[in-house]
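The primary structure of each chain is shown beneath.
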Amino acid sequence: MSKQVKNDQIINETQSDLFANDIQSSPLIVQRDGLDIEYRPDAFSCEMSQKWFVDLLNKTPWKQDEVVVYGKRHLAPRLSCWMGESWMTYTYSKNKMRPRAWGELPWKIKTHVEGMTGETFNSVLINYYRNGQDSNGWHADDEIELGPQPTIASLSLGASRDFYLRNKHDHKDKLKLSLKAGSLLMMRGTTQDHWQHSVPKRASAGPRINLTFRTMRVNC
């Protein structure tokens with residue numbers, strides 16, 4: 001049974017660390033102010049998560065993209081790989097990207113996630129945070145290719161990292177989640193319209209791999 005976090009429990013909080021100390025395995029749900037997320041802290045076992053981490057680390061064709069920050073190009077503070085169908089294109093930080101063909105393991109993980117959530121996906125963006133200095137700044141996954149109100153499934157492997165969400169209209173209104181290995185975060189509905197998210201730097205953090213499964217809807 002899932003645990004519903006109701007609006008009146010957090011509406012007056014400017015920052016809430018809702019899940020960092022939660023030890024139950026049932027899903028936790030937050031639905032308020034345009035935010036619609038579900039966090040499953042123990043979606044996959046430690047053994048499976050560790051095996052997937054090692055296999056992805058060694059077999060993924062990682063690359064370091066460039067991102068545009070305040071009009072200047074910089075190397076992204078993480079490595080990544082996007083996989084999907086050959087017809088897809090994806091514009092991120094003014095870069096037009098094309099996916100690699102699906103690897104055997106990412107496809108296998110996708111089928112597990114789809115079976116667990118009842119959703120379907122046709123691409124995955126895999127990020128590799130090599131250490132605590134690698135990060136991901138404030139952004140929303142609201143690119144036109146994802147269509148309106150996209151559903152995104154985010155699977156974490158390796159070291160735990162803090163994941164922040166903030167209201168686009170009130171940056172003081174923040175939530176923090178501690179995403180551990182084997183956890184699955186679902187973002188649905190108008191979340192990308194009204195909220196941004198980030199993975200800030202964290203001193204002495206170990207390596208982490210994050211897979212975000214998406215559905216591309218526009219062939220540009």
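Note that the structure is a prediction, hence the values are computed from the model and not measured. (Residues numbered from 1 in each chain as written. Predicted model: local features only at pLDDT ≥ 70, side-chain atom pairs only at ≥ 80, totals over all residues. Heavy atoms only, no water.)

S.K.: Sorry, what's going on with the packing of aromatic side chains here?
M.R.: Aromatic ring pairs are reported here in terms of the distance separating the ring centres and the angle at which the planes meet. In the structure shown here, the tally under the stated rule is five aromatic pairs. When the centroid spacing of 5.3 Å and the interplanar angle of 35° are considered together, the rings of tryptophan 62 and tyrosine 128 count as tilted. Here tryptophan 62, found in the loop between helix 2 (46–59) and strand 5 (66–69), pairs with tyrosine 128, found in strand 10 (residues 123–129); they are 66 residues apart in sequence, far enough to count as distant. Assigned by exposure class, tryptophan 62 and tyrosine 128 land together as buried. Lying over the aromatic face of tryptophan 102, lysine 110 brings its terminal NZ or CZ to 5.8 Å of the ring centre. (Phe/Tyr/Trp six-rings, centres within 6.5 Å; stacked < 30°, edge-to-face > 60°. Helix = DSSP H or I, 4+ residues; strand = E, 2+ residues; numbered from the N terminus. Buried < 20%, exposed > 50% of the residue type's maximum accessible area, 1.4 Å probe, protein only. Lys NZ or Arg CZ within 6 Å of the ring centre and 35° of its normal.)

S.K.: Would you mind going over the packing of helix 2 against helix 3 (residues 104–117) with me for this structure?
M.R.: Geometry of a packed helix pair, given as the angle between the helix axes and the separation of the axes. Contact geometry of helix 2 with helix 3 gives a least axis separation of 10 Å together with a crossing angle of 145°. Counted together, Trp52, Asp55 and Leu56 of helix 2 and Leu105, Pro106, Ile109 and His112 of helix 3 form the full contact between these two elements. Its residues assigned to classes, the contact of helix 2 with helix 3 comprises five nonpolar, one polar and one charged. (Axes fitted to C-alpha atoms, helices over the stretch in contact; angles between N-to-C directions. Contact = heavy atoms within 4.5 Å. Nonpolar A, V, L, I, M, F, W, Y, C, P; charged D, E, K, R; others polar.)

S.K.: Any chance you could explain the pairing of strand 13 (residues 161–167) here in plain terms?
M.R.: On a regular strand, one side chain projects to one face of the sheet and the next to the other, so that they alternate. The buried fraction of strand 13 is high, at seven of seven residues. Side chains Arg161, Phe163, Leu165 and Asn167 of strand 13 all project onto a buried face; the interleaved residues Asp162, Tyr164 and Arg166 project onto the opposite face, where all are buried too. One ladder, built from seven bridges, connects strand 13 with strand 14 (residues 170–179); its direction is antiparallel. Bridge pairing in strand 14 places tyrosine 164 opposite lysine 176. Relative to strand 16 (residues 195–199), strand 13 runs antiparallel, the two sharing four bridges. Bridged to leucine 165 within strand 16 is histidine 197. (Pairing = 2+ DSSP bridges.)

S.K.: Would you explain the environment of methionine 216 in this entry?
M.R.: Checked against the element boundaries, methionine 216 lands in the segment after strand 17 (208–214). For methionine 216, a relative accessible area of 4% corresponds to the buried category. Between the alpha carbons of methionine 216 and glycine 84 there is a distance of 8.9 Å; along the sequence they are 132 residues apart. Apart from residues lying up to four places away in sequence, methionine 216 is in contact with Trp82, Trp87, Met88, Thr89, Tyr90, Asn122, Ser123, Glu145 and Leu146.

S.K.: Which parts of the structure should I look at to understand helix 3?
M.R.: With 14 residues, helix 3 extends 20 Å between its outermost C-alpha atoms, agreeing within 8% with the 20 Å of an ideal straight helix rising 1.5 Å per residue. If you check which residues of helix 3 are buried, you get Leu105, Pro106, Ile109, Lys110, Val113, Glu114 and Thr117. Looking one or two places after helix 3, you find glycine 118, whose phi comes out positive at around 80°. (Expected span 1.5 Å × (residues − 1).)

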